[in-house]
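Geometric and topological summary
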Amino acid sequence: MKWFSTALIQVRITVLGLAGGLIVLMGMCMFMLHQVKPGGFIAGNAPQWGNVLLLTALFCGISILLFLTSLGLPQWITASNLSRWARQAEPLPMDVTGLDQSNTDWLEQAPETSLKSLVQIFQTGKIVPTALCEAGGMLCALAYLLEAHPLSIVMVFISICLMLYRFPSQTELNGWLLQQFEKLQKGHWATSSE
């Protein structure tokens, strides 16, 4: 089951890469502002909305929308993929109802094709919300570069925290897989619709 560990490592690298890229981008923006344009590249010429600069307000609003989307869209995608998976999944040769998440003996008996499909669904469910949070953070980093408003830095920090919050663990993956096979055995996916 070496592929099982490799798949988890791939998700971890992706999450860390997206968060790290945003951290590097924000560092470059701060350096550029400090060295080249201390007040922002459009300082003094930026349209304002109250005390908040317009691009900062707009990009932070879009970021909040992306953060909220990252809460709902991946669950919808995952549910759709799970119902598709359940139609063709092979049942487990044993009853997994009530097993502890730390117990991984059942993984050896699970059909490998079903496990691979589920791990891919898990990967998608982790990568999509992380990418949505990164997009919001990049918009705020751009707003900071242009207008140098501190609200943008706060939003980038929130984005990075949300991205790192989604960092997967082996226990989380094992528990999620067990939960999906329990649902399959109980017939949960047979009544679900796409």
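Attention in this report is confined to the structure presented alongside it.

What counts as what
- Residues numbered from 1 in each chain as written.
- Predicted model: local features only at pLDDT ≥ 70, side-chain atom pairs only at ≥ 80, totals over all residues.
- Heavy atoms only, no water.
- Axes fitted to C-alpha atoms, helices over the stretch in contact; angles between N-to-C directions.
- Helix = DSSP H or I, 4+ residues; strand = E, 2+ residues; numbered from the N terminus.
- Parallel < 35°, antiparallel > 145°, perpendicular 65-115°, else oblique.
- Nonpolar A, V, L, I, M, F, W, Y, C, P; charged D, E, K, R; others polar.
- Patch = residues over 30% accessible without salt bridge, like charges linked within 9 Å, V, L, I, M, F, W, Y side chains within 5 Å.
- Areas by Shrake-Rupley, 256 points an atom, 1.4 Å probe, with all protein chains shown as cover.
- Salt bridge = Lys/Arg side-chain N within 4 Å of Asp/Glu carboxyl O.
- Buried < 20%, exposed > 50% of the residue type's maximum accessible area, 1.4 Å probe, protein only.
- Core = buried A, V, L, I, M, F, W, Y, C linked by side-chain atoms within 4.5 Å.
- Phe/Tyr/Trp six-rings, centres within 6.5 Å; stacked < 30°, edge-to-face > 60°.

**What to know about the packing of helix α2 (residues 54-88) against helix α4 (residues 112-147)**
Relative orientation of the contacting elements α2 and α4 amounts to 175 degrees, with a least axis distance of 8 Å. Taken together, the axis directions place α2 and α4 in an arrangement best described as roughly antiparallel. When its residues are assigned to classes, the contact of α2 with α4 shows 24 nonpolar, 12 polar and 1 charged.

**Considering a nonpolar patch on the surface**
Together, L151, V154, F157 and I158 make up a nonpolar patch on the protein surface, roughly 340 Å² of accessible area in all. Topologically, F157 is positioned in helix α5 (residues 150-165).

**Re the pattern of salt bridges**
Under the defined criterion, the tally for this structure stands at 1 salt bridge. Two residues, E172 and K126, come together in a salt bridge whose shortest N-O distance is 2.6 Å. Separated by 46 residues along the polypeptide, E172 in helix α6 (residues 170-186) and K126 in helix α4 bring together distant segments of the chain. For E172, a relative accessible area of 31% translates into the label partly exposed. Exposure remark for K126: the relative accessible area of 11% places this residue in the buried category.

**A closer look at the nonpolar core**
Ranked by internal contacts, the top residues of the largest apolar core, which has 21 residues, are W85, W106, L118, W176, L177 and F181. Contributing elements (two or more residues each) for this core: α1 (2-35), α2, α3 (105-109), α4 and α6. It is α6 that contributes the most residues to this core, 6 residues altogether. Residues M26, L33, C140 and A141 belong to the second largest nonpolar core, which totals 17 residues.

**Re the packing of aromatic side chains**
Under the counting rule described, the total for this entry stands at 2 aromatic pairs. Ring geometry for W85 and F181: centres 5.6 Å apart, planes at 80 degrees, overall edge-to-face. Within this pair, whereas W85 is found in helix α2, its partner F181 is found in helix α6, the two being separated by 96 residues in sequence. This pair shows no difference in class: W85 is buried, exactly as F181 is. With centroids separated by 5.5 Å and ring planes inclined at 55 degrees, the aromatic side chains of F122 and W176 adopt a geometry described as tilted. With F122 in helix α4 and W176 in helix α6, this pair connects stretches of sequence that are 54 residues apart. For the pair F122 and W176, one class covers both residues: buried.

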